[in-house]
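# A structural walkthrough
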Amino acid sequence: MSDEQHSPNAVDPSAIETAAAVRSGDLSAVEVLETSLTRIEEREGEIHAFNLVLAEEARETARRVDDAVAGGADPGALAGVPVALKDNLCTKGVETTCSSRILEGWKPPYDATVVQRLAAAGAVMVGKTNLDEFAMGSSTENSAFGPTHNPHDLSKVPGGSSGGSAAAVAAGFATLALGSDTGGSIRQPAALCGVVGMKPTYGLVSRLGLIAFGSSLDQIGPFSNSVADAALLLEVMGGHDPGDSTSLDTEVPAVSTHLDDGVSGMRVGLISEMMGEGIAPDVAARTRAAAECLAAAGAIVEEVSVPAVVYGLSAYYLVAPAEASSNLARYDGVRYGMRVEAPTVGEMIEATRTAGFGDEVKRRIMLGTYALSAGYYDAFYGKALKVRTLIRGDFDAAYGNFDVLLSPTSPSTAFDMGSKTADPLSMYLNDLCTIPSNLAGHPAMSVPFGRGGDGLPVGVQVLAPALGEVPMFRTAAVLEAAAREEARS
Ligand code: GLN
């Protein structure tokens, strides 16, 4: 597949460059958008990154941005930058489906806070991207509207659940995209598609208007072709929102101004539990190469054990389904989307949920309901919460000695479509390295770091303590520079 043109993005202008050129009047937002739309025209048929392309709405926005510049106004930090939105983010009057039949046709009455902030910064929303139904999955094959294909190799998955957003950026359909990350859904598809993906500290980005999956785990975050673009997008969309009761009342860490600070003297811990069993040798080798490159740049790199992370998967697959079973109770055929008529209310609800939800969503609802049921609550849900506390404690201990931690993002490069759909457990194992940060509420990001034995992108994960976005981005910037240098030589 010819991916060299767009990913990692050596050729395309970055979001920062595009916005600067649009703001100064050197480039028109309409032209920028037409480049995106042409690419979508050419390749969307085979990739299927979008549930909905908003070509006309985007043209209208782009024209308004150009008019503002012509009139001497400043449209904002993302002026004219094409952005794709995961289809679990509410967009006023625009269908928002979560890639589920049950929400088909539903048009939210309001915009998510992040959508409002992007619009206020002059961004041009090009469409709503495909995902695993209600963000439950790691391959975007659980979409009710068909899977998304990896732009690097159409026979491979793009990862998930934000596979459409990752693919849209990798294919050059949009310069930036938004995803949501409950257990890795931004970082893992970013790794598999060769782009940057970042999950912020829990509470740093407002969840108002993000359709809830696991409310104590969900965070919205950026996809981009560069670390600097991810930093800009985080700064635009982050910050306190009184409309989200879990929103932190704090400033977004000033990541952009520290990107060039380097890692000299920084303490970096390579997580031992994420380098052995279950990790493909080529991915582990790239992660070691990343550690070496940080050491060469002056960081103090050591292996560190974070023992409780090995229980992350088990705890997550109780906590997340438990929260999901509660969050998804609202889709009852009365208030949102589809309804299957039946003689009584009870039968209507049952028929609607039977027809509206896919297999994985039903599996999670049943798992979660069971884990929360009276006789089993302490044994399952209660125990999982204790493990969650243990994981946070082990991370705290590690961060007593290290500024950031390092691991692979995903245990393997992009896998064959259909290869894991029959076995949910093998699919869940993809989240091994990403889940612990969600359970702890910590930030983490995936940076492309070369290729695996199959020639497909490998992502390396940088983890940091709560509100440790600055050291995390500094580390990511060093890795990105090294990976680009390596690709050139
Ligand atoms: N793959 C994980 C799951 O299926 C994570 C999903 C996510 O982060 N939204 O639950």
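The rules we used
Residues numbered from 1 in each chain as written. Predicted model: local features only at pLDDT ≥ 70, side-chain atom pairs only at ≥ 80, totals over all residues. Heavy atoms only, no water. Pairing = 2+ DSSP bridges. Helix = DSSP H or I, 4+ residues; strand = E, 2+ residues; numbered from the N terminus. Axes fitted to C-alpha atoms, helices over the stretch in contact; angles between N-to-C directions. Contact = heavy atoms within 4.5 Å. Near = heavy atom within 4 Å. Polar contact = N/O pair within 3.5 Å; in protein donor to acceptor, adjacent residues only side chain to side chain. Areas by Shrake-Rupley, 256 points an atom, 1.4 Å probe, with all protein chains shown as cover. Nonpolar A, V, L, I, M, F, W, Y, C, P; charged D, E, K, R; others polar. Buried < 20%, exposed > 50% of the residue type's maximum accessible area, 1.4 Å probe, protein only. Lys, Arg positive; Asp, Glu negative; His and termini not counted. Salt bridge = Lys/Arg side-chain N within 4 Å of Asp/Glu carboxyl O. Phe/Tyr/Trp six-rings, centres within 6.5 Å; stacked < 30°, edge-to-face > 60°.

Pairing is mixed in the open sheet, where eleven strands are placed in the order 1-3-2-4-6-5-10-11-9-7-8. Looking along the sheet, the strands with just one partner apiece sit at the ends: strand 1 (50-53) and strand 8 (300-304). Neighbour-to-neighbour, the strand axes of the sheet open up by a mean angle of 30 degrees, direction not taken into account. The pairing of strand 7 (residues 267-271) with strand 9 (residues 404-408) spans three bridges and is parallel. Bridged to V268 within strand 9 is V404. Running over the sheet, helix 3 (residues 55-70) touches strand 1 and strand 3 (124-129) and is turned about 160 degrees from strand 3.

This part takes up the site of the ligand. Close to the ligand lie 15 residues; T182, G183, S185, Y316 and R364 are nearest. One of the side-chain N or O atoms of S185 is found 2.7 Å from an oxygen atom in the ligand. A distance of 3.4 Å separates an oxygen atom of the ligand from a polar atom in the side chain of Y317. Protein chains bury 100% of the 290 Å² of accessible surface belonging to the ligand in isolation. Partitioning the shell around the ligand into residue classes produces five nonpolar, seven polar and three charged.

For the rest of this paragraph, the subject is the side chain of K86. In this structure, K86 sits in strand 2 (residues 82-86). No salt bridge is formed by the buried K86, whose closest oppositely charged neighbour, D132, lies at an N-O distance of 7.4 Å. Among the polar contacts made by the side chain of K86, one reaches the side chain of S161 at a distance of 2.8 Å.

Turning to the pattern of salt bridges, a few remarks are in order. Taken as a whole, this structure holds 21 salt bridges when the rule is applied. R43 is the salt-bridge partner of E46, the closest N and O atoms lying 2.7 Å from each other. A residue pair is termed a helical-turn pair when its members lie 3 or 4 positions apart in one helix, as E46 and R43 do in helix 2 (residues 29-47) at three residues. A relative accessible area of 33% places E46 in the partly exposed class. Overall, the relative accessible area of 16% leaves R43 in the buried class. For D403, the salt bridge goes to R267, with nearest N and O atoms at 3.2 Å. Taken together, the residues span a long stretch of sequence, with D403 in the loop between helix 12 (378-399) and strand 9 and R267 in strand 7 at a distance of 136 residues. Relative accessible area serves as the criterion here: at 24%, D403 is assigned to the partly exposed category. Connected through shared salt-bridge partners, E34, E56 and R59 make up one network.

Using the criterion set out here, one finds 13 aromatic pairs in the structure. Their ring planes at 25 degrees and their centres at 6.1 Å tell us that F50 and F173 sit as a pair that is stacked. On the criterion of sequence distance, the pair formed by F50 in strand 1 and F173 in the loop between helix 5 (163-170) and strand 4 (176-181) is long-range, its members being 123 residues apart. With respect to burial, F50 and F173 carry one shared label: buried.

A separate point is unusual backbone geometry. Residue G160 is joined to S161 through a cis peptide bond whose omega torsion reads 10 degrees. With respect to the helices, strands and loops of the structure, S161 is situated in the loop between strand 3 and helix 5. The backbone phi angle of S99 is positive, close to 50 degrees, even though this residue is not glycine. Mapped onto the fold, S99 is located in the loop between strand 2 and helix 4 (113-120). By relative accessible area, S99 is classed as buried at 0%. The backbone of L467 sits at a positive phi, close to 65 degrees, despite the residue not being glycine.

Of all the five residues making up strand 9, five are buried; the element is thus mostly covered by neighbouring parts of the structure. Relative to strand 11 (residues 457-463), strand 9 runs antiparallel, the two being bridged by four bridges. The residue bridging L406 from the neighbouring strand is V462, located in strand 11.

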